[in-house]
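# Tertiary structure, described
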4 protein chains.
Amino acid sequence: MDVRKGAGAGRPRDPGIDTAVLTAAGRQLDDRGFQALSFESVARTAHTTRAAIYRRWPTRTHLALAVVAWRLDVPPAPDTGCTLCDLAEGMKVFLSAFRTLRPDVLNAIHVACANDEELRAEYRRIVDEPPRAVVTGLLQRAQRRGDLREDVDIGSLLDILNAVIHHRAVVGATHLSNDEAEALIEILMRGAASDYERLVAHSRTIDIQHSLPL
Amino acid sequence: MDVRKGAGAGRPRDPGIDTAVLTAAGRQLDDRGFQALSFESVARTAHTTRAAIYRRWPTRTHLALAVVAWRLDVPPAPDTGCTLCDLAEGMKVFLSAFRTLRPDVLNAIHVACANDEELRAEYRRIVDEPPRAVVTGLLQRAQRRGDLREDVDIGSLLDILNAVIHHRAVVGATHLSNDEAEALIEILMRGAASDYERLVAHSRTIDIQHSLPL
Amino acid sequence: MDVRKGAGAGRPRDPGIDTAVLTAAGRQLDDRGFQALSFESVARTAHTTRAAIYRRWPTRTHLALAVVAWRLDVPPAPDTGCTLCDLAEGMKVFLSAFRTLRPDVLNAIHVACANDEELRAEYRRIVDEPPRAVVTGLLQRAQRRGDLREDVDIGSLLDILNAVIHHRAVVGATHLSNDEAEALIEILMRGAASDYERLVAHSRTIDIQHSLPL
Amino acid sequence: MDVRKGAGAGRPRDPGIDTAVLTAAGRQLDDRGFQALSFESVARTAHTTRAAIYRRWPTRTHLALAVVAWRLDVPPAPDTGCTLCDLAEGMKVFLSAFRTLRPDVLNAIHVACANDEELRAEYRRIVDEPPRAVVTGLLQRAQRRGDLREDVDIGSLLDILNAVIHHRAVVGATHLSNDEAEALIEILMRGAASDYERLVAHSRTIDIQHSLPL
DNA sequence: TGCTAAGCGAGACGGTACGTCCCGTCTTAAT
DNA sequence: ATTAAGACGGGACGTACCGTCTCGCTTAGCA
């Protein structure tokens, strides 16, 4: 994102400006959304100048993505030995990652990426991939354990999970609640599990021991 | 959308302006997306003035929604007697409705509705509800026929369908293909059908007779 | 001013509108000056429509002049037998006429008349002539009495009086005070009287009897 | 007028814009008067933008005053040794200064200053003071020479001169002619000179030598 | 130590669009 | 024919940002 060339000669960039700008931009995204994010006002509240920001990020979309990248921090995949529990826990990864940002902001950034393939890839790398990777590993493990049918396409399942979370956030203007996440998992697992009832039973025993709240 | 008060008195609005503006705005949405939609340029290309547009739609979001409402035309629900075929056909309703618009445009409009409850409701009324109503009827019929399990929550199923279509359009920058739609239906029906295999078998016999292409 | 054609046929004009408009326009001239006088706001505060005003006065300059004509009411010339007293009293005619209006308003109206000979004549007829006529008679009488030199051009004197009043009002943003008016009369009469000292002496005797406050 | 703050930092203003704008504004004042002076059209004909003009002059009144200041150039006071000749020559200063501008424009500017004390002071500084200073010196010299009576208030005389010039320009929609100026001087000097006839006689001898045309 | 290349703040530049206000004209239905 | 109501095309307002530029000053690393 940060467009730094052959550093070495010349005065080095003031790193304080980087953080000041990202902080100010983040605040502004939180307060008034992406459409209200302007170089002008960010420069003003970060006590710097537009030029200093342009030197680092060429468009406000790049800047906003930098803010997202700066904030998101996806924890590693859980492994409780219980497929349903793992899934529920994995969903938390998605949800908590998204909950650090206003739902509409992510969406707006994405829209802004619409006409720039490179930017869209950046978005996927930063926003989509990390939580997806976590759940992918989790489902593959489940399939190896025999909890998922052999012919289930994990990619499709992930698409659905991802989609529902995004859509709910955006259309409902609120993130998916834990109950809704559970309902979603049930629907999908009924179709994808080799023996759904067994999974539920197993999940109960684990629940008692670990009491994993979604 | 169109903010008409105590009609009757005063010079009536020129309906030619309505269509000229909607046409121009539509063109601009198609060509350069929502973010490039400006009252200024719409007025210019529709050969009218900003004021005449403001009189009808107070913000460009309202205008864009009016364009969407003007374009979308959802056909009635099919009833072939075959649940899978009906579903596939119903998906077409969703898909064709969305395919008349750039995927990112819908999303951008939605983002713009984020901070306005009334506008968001309008969006739902125009964009979400019509195709949703079609598929709702369709799934209820299937449930009455005994093709869907009694305990399946139709609302949840619809949420998923809706979400996947929207998300794919937006994140993938492309609308859901027919194959993907079929894969999605399979996953969901495996979990929701009382006897999925029977549905598939029945679908085959119908397919031969009616050759319903998705 | 009022542009009434061949009245007789059709619905008659509502005279209430005339007064309502003149009142509203007058208020607006008093409060915010000529430049802020708009058909729009006058129509609004007079609870009528622009068209009804246009029917009566074609431009806001005509309207403003109508307000002035409606207000100004010049009293007849005094005749005390004392030239200086008469003059002082005559000045009151000028001053009181102007004091019913904001100084800048008259000036602004005049500017607005600059490019319209007919309108300028109207202005002269309404604003300049009445007080001028009063003082003209007064000076002619003085000249007949032998108080003014035979070779004094009364027109020039009037020009000067008129000018000083106008200019002071406009440049000083305040109307001429009575003391200043007296000083002005002194300067002019010193040059124009056949025997200034005698006039002053005469004025003193009259003053005692009539105590004419300026 | 020109609102330049802590000069030194930042990109310096393009002085070409200053002159282009003043030229364009001057042209517009000459052609269509003050009321037709708009930032929009000035920007257009000066091939620049409204913002660049706003940066220099906050209102069109300031702009118009800047045009006046840019144009007026008052020559120093004459000293011929003949009071009447000096006065006549001094009047030329007033007159030529005002003749570079449409009479109604000055007036309109003044009206626009009506509600702004600071602006009105600016107007006085630019328009009134310079010629006034010239004639003040001239009359003081005459008084020292004994040509003017000791008890004559020079300020009052100046007020009158100033007023008549302004008023005639504005009300008559034309500047004072030379003959009228002479008549005015005569009236005032008759009242103010210690010996008017002597001044006239002296003036004749000078006239022959220098032939000062008014 | 002094050169040079960049960073930096300040702020002007030509632009585009905003949302508002008023203009003077018109169309309609009601009086 | 006038009225209230209100739409019409048009023009200008003053503001906000855009992305670029020109300055003079600061801050390094390299010679």
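Residues numbered from 1 in each chain as written. Chains lettered and ligands numbered in written order. Predicted model: local features only at pLDDT ≥ 70, side-chain atom pairs only at ≥ 80, totals over all residues. Heavy atoms only, no water.

### Topic: the UniProt feature "domain: HTH tetR-type" (unreviewed entry) in chain A
To be explicit about the condition: UniProt positions are given in the numbering used here, feature names are shortened, and annotations may be inferred rather than shown by experiment. Helix and strand assignments come from DSSP, with helices taken as H or I runs of at least 4 residues and strands as E runs of at least 2, each series counted from the N terminus.
Look at the UniProt record and you will see "domain: HTH tetR-type" (unreviewed entry) annotated at residues 15-75 of chain A. Between the end C-alpha atoms of residues 15-75 of chain A there is a gap of 27 Å, over a span that is 72% helix and 0% strand.

### Let's talk about the relation of the copies chain B and chain A
Stated formally: What sets the superposition is a least-squares fit of C-alpha atoms, and only residues with pLDDT of at least 70 in both copies go into it. Should any heavy atoms of two residues lie within 4.5 Å, those residues are counted as being in contact.
Here chain B sits on chain A after a turn of 180 degrees about the axis and a move of 0.2 Å along it, with an RMSD of 0.4 Å. Such a combination of rotation and displacement between the chain copies is what one expects of a two-fold axis. Among all residues of chain B, the one whose C-alpha sits closest to the rotation axis is Gly191 of chain B, at a distance of 1.9 Å. In this assembly, 100% of the residues forming the interface of chain B have copies in chain A that are likewise at the interface, indicating an isologous arrangement.

### So, the relation of the copies chain D and chain C
For the match of chain D to chain C, the screw axis carries a shift of 0.2 Å, the RMSD comes to 0.4 Å, and the turn is 180 degrees. A share of 100% of interface residues in chain D that are also interface residues in chain C marks the association as one of identical surfaces.

### With respect to the interface of chain B and chain A
Threshold: As used here, buried area is the combined drop in accessible area, with a 1.4 Å probe, of two parts when they are placed together. Think of a salt bridge as a Lys or Arg side-chain nitrogen and an Asp or Glu carboxyl oxygen that are within 4 Å of each other. Side-chain atoms alone can form a polar contact between residues adjacent in sequence; in general such a contact is a pair of N or O atoms within 3.5 Å, and within protein one must be able to donate a hydrogen while the other accepts it. Residue type decides the class: Asp, Glu, Lys and Arg count as charged, Ala, Val, Leu, Ile, Met, Phe, Trp, Tyr, Cys and Pro as nonpolar, and the leftover types, Gly among them, as polar.
Taken together, the 31 residues of chain B in the interface contact 31 residues of chain A. In total, about 2,500 Å² of surface goes out of reach between chain B and chain A, with carbon and sulfur atoms giving 63% of it. Counting across the interface, chain B meets chain A through 2 salt bridges. Asp151 of chain A is the salt-bridge partner of Arg190 of chain B, the closest N and O atoms lying 3.7 Å from each other. The interface formed by chain B and chain A holds 2 residue pairs in polar contact (both at pLDDT 80 or more) in total. Breaking the side of chain B that touches chain A down by element, the ones donating at least two residues are helix 6 (103-113), helix 7 (117-145), helix 8 (154-171) and helix 9 (178-192) of chain B. With 12 residues, helix 8 of chain B is the largest single contributor of residues to the side of chain B that touches chain A. Each residue belonging to the side of chain B that touches chain A can be placed in one class, and the counts come to 13 nonpolar, 8 polar and 10 charged.

### Some points on the UniProt feature "DNA-binding region" (unreviewed entry) in chain A
UniProt tags residues 38-57 of chain A as "DNA-binding region" (unreviewed entry). Its end C-alpha atoms 12 Å apart, residues 38-57 of chain A is made of 70% helix and 0% strand.

### As for the protein's contact with DNA strand E
Applicable threshold: We call a residue near a molecule or strand when any one of its heavy atoms sits within 4 Å of it.
Neighbouring DNA strand E are 39 residues; Thr48 of chain A, Glu40 and Tyr54 of chain B together with Gly10 and Arg55 of chain D lie closest to it. Sugar and phosphate atoms form 60% of the subset of DNA strand E atoms that lie within 4 Å of the protein. Here Arg56 of chain A contributes a side-chain N or O atom positioned 3.1 Å from a phosphate oxygen of DNA strand E. Between DNA strand E and the protein, one listed contact pairs a base oxygen with a side-chain N or O atom of Arg11 of chain B at 3.2 Å. Here the element with the most residues in the surface near DNA strand E is helix 3 (residues 50-56) of chain D; it accounts for 4 residues. Grouping the amino acids of the surface near DNA strand E by side-chain chemistry returns 10 nonpolar, 9 polar and 20 charged.

### Here's the deal with the interface of chain D and chain C
In this complex, chain D contributes 31 residues to the contact, which on the side of chain C involves 31 residues. Between chain D and chain C, the buried area comes to about 2,500 Å², and carbon and sulfur atoms account for 63% of it. At the junction of chain D with chain C, the criterion picks out 2 salt bridges. Sort the elements by how many residues they give to the side of chain D that touches chain C and helix 8 (residues 154-171) of chain D lands first, with 12 residues.

### Section: helix 9 (residues 178-192) of chain A
Test applied: Helices are assigned an expected span. That span is 1.5 Å times one less than the residue count. Burial classification: accessible surface area is computed with a 1.4 Å probe over protein chains only, and a residue below 20% of its type maximum counts as buried, one above 50% as exposed, and the rest as partly exposed.
Between its first and last C-alpha, helix 9 of chain A extends 21 Å over 15 residues, near the 21 Å set by a 1.5 Å rise per residue. Within helix 9 of chain A, burial applies to Ala181, Leu184, Ile185, Ile187, Leu188, Met189, Gly191 and Ala192 of chain A.

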